[in-house]
Amino acid sequence: MRTKRAQEGTFMSPRHNHVPAKCLAVREVLNRVGDKWSVQVVGMLGDGKKRFTELRHGIEGISQRMLTLTLKGLERDGLITRTVYPTVPPRVEYELTKLGRSLLQPITGLAKWAGNNREKIQSARTRYDSQNSSNQLG
């Protein structure tokens with residue numbers, strides 16, 4: 001049975017609601033919050049304020065330059081704040097904003113999903129690679 005909205009002709013699939021400007025905006029946000037370094041920085045800051053060196057040592061494989069760029073991007077997007085204390089040498093701390101804290105739940109959920117499904121994904125990759133490597137040989 002069709003819904004009332006469908007009978008009235010107002011029902012549309014998500015594909016028909018495509019608005020290019022909105023897609024661009026969503027893509028820009030997802031590029032920021034979805035890159036591997038941003039996710040790790042936000043996750044670490046979920047435990048509270050951190051200094052640059054704490055973040056650098058806590059995120060395996062990140063270069064100083066990449067951490068600096070990531071922090072600047074997160075600050076620009078309003079997800080973190082940077083506080084400089086007038087000491088010698090200056091002490092700088094990074095902290096999640098309210099908006100940044102609101103990102104913790106989806107990031108945590110995604111991390112949990114990834115942990116729960118990593119073996120299934122690895123099995124699927126192995127199956128796919130096996131099937132496709134034999135197809136390419138012939």
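Everything below is about the structure printed above this text.
Predicted, not measured: the structure shown is a model, and the values here were computed from it.

Peer 1: Sorry, what's going on with the overall build of the protein here?
Peer 2: Assigned secondary structure in the protein consists of seven helices and three strands. Taken from N to C terminus, the helices and strands of the protein fall in the order α-α-α-β-α-α-β-β-α-α. Every one of the 138 residues in the protein was classed for burial, and the buried ones make up 20%. For the protein, the proportion of contacts with a sequence separation of at least 24, taken over those separated by at least 6, is 44%. Carbon and sulfur atoms form 55% of the exposed surface of the protein, whose accessible area is close to 10,800 Å².

Peer 1: Got a minute to help me understand the packing of aromatic side chains in this structure?
Peer 2: Each aromatic ring pair is specified by the distance between its two centres and by the angle formed by the two planes. Applying the stated criterion across every chain yields a total of zero aromatic pairs. Across from the ring centre of tyrosine 85, 4.0 Å away, lies the NZ or CZ of arginine 91, which sits over that ring.

Peer 1: Looking at this model, I keep getting lost on a nonpolar patch on the surface. Mind explaining?
Peer 2: Among the surface-exposed residues, Leu110, Trp113 and Ile121 lie close enough to one another that they form a single nonpolar patch of about 310 Å² accessible area. Note on placement: tryptophan 113 falls in helix H7 (residues 104-137).

Peer 1: Help me understand the sheet that holds strand S1 (residues 50-51), please; the structure alone is not making it clear to me.
Peer 2: Within a sheet, neighbouring strands are paired by backbone hydrogen bonds and run either parallel or antiparallel to one another. Read from one edge to the other, the open sheet built from three strands follows the order S1-S3-S2, with strand pairing classed as antiparallel. Each having just a single partner strand, S1 and strand S2 (80-85) make up the two edges of the open sheet. Across two bridges, the pairing between S1 and strand S3 (residues 91-96) is antiparallel. Paired with arginine 51 across the strands is glutamate 93, a residue of S3. Against the sheet, helix H3 (residues 36-45) contacts S1, S2 and S3, and its axis sits at roughly 95° relative to S3.

Peer 1: Mind showing me how you'd approach the side chain of lysine 50 here?
Peer 2: Take lysine 50: it is sitting in strand S1. Buried and unpaired, lysine 50 has no salt bridge, with aspartate 47 as the nearest side chain of opposite charge at 4.7 Å. Aside from chain neighbours lying at most four places away, what touches lysine 50 is Met44, Leu45, Leu55, Val92, Glu93 and Tyr94.

Peer 1: Which parts of the structure should I look at to understand H3?
Peer 2: An α-helix turns once every 3.6 residues. As a result, residues three or four positions apart point the same way. Within H3, the full set of buried residues consists of Trp37, Ser38, Val41, Val42, Met44 and Leu45. Taken around the axis of H3, the buried residues stretch over an arc of 160°, which confines them to a single face. One side-chain oxygen at the N-terminal end of H3 lies 2.8 Å from the backbone nitrogen of tryptophan 37; it belongs to aspartate 35.

Peer 1: How should the pattern of salt bridges be read in this particular structure?
Peer 2: Two side chains with opposite charge may pair up if their charged atoms get near one another. Summed over all chains, the structure comprises one salt bridge. Note that glutamate 93 is salt-bridged to arginine 91, the shortest N-O span being 3.8 Å. With a relative accessible area of 15%, glutamate 93 lands in the buried category.

Criteria and cut-off values
- Within any chain, residue numbers begin from 1 and follow the written order of that chain's sequence.
- With pLDDT at 70 or above as the cut-off, local features in this predicted model cover only qualifying residues; side-chain atom pairs require 80 or more to be listed or tallied, and sums for whole chains, interfaces and linings still use all residues.
- Heavy atoms from the whole structure form the basis of all side-chain values; hydrogens and water molecules are not counted.
- By the criteria applied, helices consist of DSSP H or I runs no shorter than four residues and strands consist of E runs no shorter than two, each listed in order from the N terminus.
- A simple rule labels every residue: compare its accessible area, found with a 1.4 Å probe on the protein chains alone, to the largest value its type can have, and call it buried under 20%, exposed over 50%, or partly exposed in between.
- Throughout, a contact is declared for two residues whenever any of their heavy atoms are within 4.5 Å.
- Areas reported as accessible are Shrake-Rupley estimates using a 1.4 Å probe. Residue values count occlusion only from the protein chains shown.
- Ring pairs shown here join Phe, Tyr and Trp side chains whose ring centres sit within 6.5 Å, with only the six-membered ring taken for Trp; geometry is labelled stacked below 30 degrees between planes, edge-to-face above 60, and tilted in between.
- We count a charge as sitting over a ring when the NZ of a lysine or the CZ of an arginine lies within 6 Å of the ring centre and within 35 degrees of the ring normal.
- Any residue with relative accessible area above 30% and no salt bridge may belong to a patch, with like charges joined within 9 Å and the nonpolar Val, Leu, Ile, Met, Phe, Trp and Tyr side chains within 5 Å.
- Every case where a carboxyl oxygen of Asp or Glu lies within 4 Å of a side-chain nitrogen of Lys or Arg is listed as a salt bridge.
- Strands qualify as paired when DSSP identifies two bridges or more between them.
- The axes used here are C-alpha line fits, helices contributing only the stretch in contact, and every angle between their N-to-C directions lies in the interval 0 to 180 degrees.
- Counted charges follow a simple rule, with Lys and Arg positive, Asp and Glu negative, and His plus the chain ends left uncounted.
- Think of the arc as the fan of directions from the helix axis to the C-beta atoms.
- Think of a polar contact as two N or O atoms within 3.5 Å of one another; within protein, one of them needs to be a possible hydrogen donor and the other a possible acceptor, and neighboring residues in sequence only count if both atoms come from side chains.

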